[in-house]
Amino acid sequence: MSDWDTVTILRKRPPKASALKTEQAVNAARRQGLPVDTTQKYGAGTNKQHVITKNTAKLDRETEELRHEKIPLDLGKLIMQGRQAKGMSQKDLATKICEKPQIVNDYEAGRGIPNNIVLGKIERAIGIKLRGKERGQPLQPPGGKK
């Protein structure tokens, strides 16, 4: 017999995790006296993709606490006044800040959800502070002193 005819196995691959979960593997482990942990997963064996929690009725009764914060109406008026002072339409402002015209419309009507990034863009475009204590004041240029 030559060296070409012999086969040397360096290592044997361990069984895959899916093979360890089979009924045969579990029974073999029980026969050997090894500890077998069997736990049933929550919702296992059902075809439910969305499990309803116990607090659903409580959330349904909730009124104001879990709603999104909206833009205050006075802030919407500030945006409108600043935009009109620059002679821009809502579409022009939206184009300048790279947002949809509907977002500018929602912010001015007080329906929008406040986003500091969008507010910052609008501040720079119309030149009026929209956040903080000095709301409504002209925006200072970067590095400018009072």
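The name recorded for the protein in an unreviewed UniProt entry is HTH cro/C1-type domain-containing protein, from Parnassius mnemosyne.

### Comments concerning the overall build of the protein
Per the secondary structure count, the protein includes seven helices and zero strands. Counting from the amino terminus, helix and strand elements in the protein follow one another as α-α-α-α-α-α-α. With 146 residues in all, the protein has 18% of them scored as buried. Long-range contacts, defined here as pairs at least 24 residues apart, represent 46% of the contacts in the protein between residues at least 6 apart. Put simply, the protein shows about 12800 Å² of open surface, and 52% of that area lies on carbon and sulfur atoms.

### Some remarks on the pattern of salt bridges
A full pass over the atoms with the stated rule returns four salt bridges. Ionic pairing is found between Glu99 and Lys121, a salt bridge with its closest N-O pair at 3.0 Å. Of this pair, Glu99 sits in the loop between helix H5 (90–96) and helix H6 (101–109) while Lys121 sits in helix H7 (residues 116–126), and the two are 22 residues apart along the sequence. A salt bridge links Asp106 to Arg111, with the shortest nitrogen-to-oxygen separation between them at 3.1 Å.

### Focus on unusual backbone geometry
In this structure, Cys98 is a non-glycine residue whose phi angle is positive, near 60°. With respect to the helices and strands, the residue Cys98 is situated in the loop between H5 and H6.

Cut-offs used in this document
- Residues numbered from 1 in each chain as written.
- Predicted model: local features only at pLDDT ≥ 70, side-chain atom pairs only at ≥ 80, totals over all residues.
- Heavy atoms only, no water.
- Helix = DSSP H or I, 4+ residues; strand = E, 2+ residues; numbered from the N terminus.
- Buried < 20%, exposed > 50% of the residue type's maximum accessible area, 1.4 Å probe, protein only.
- Contact = heavy atoms within 4.5 Å.
- Areas by Shrake-Rupley, 256 points an atom, 1.4 Å probe, with all protein chains shown as cover.
- Salt bridge = Lys/Arg side-chain N within 4 Å of Asp/Glu carboxyl O.

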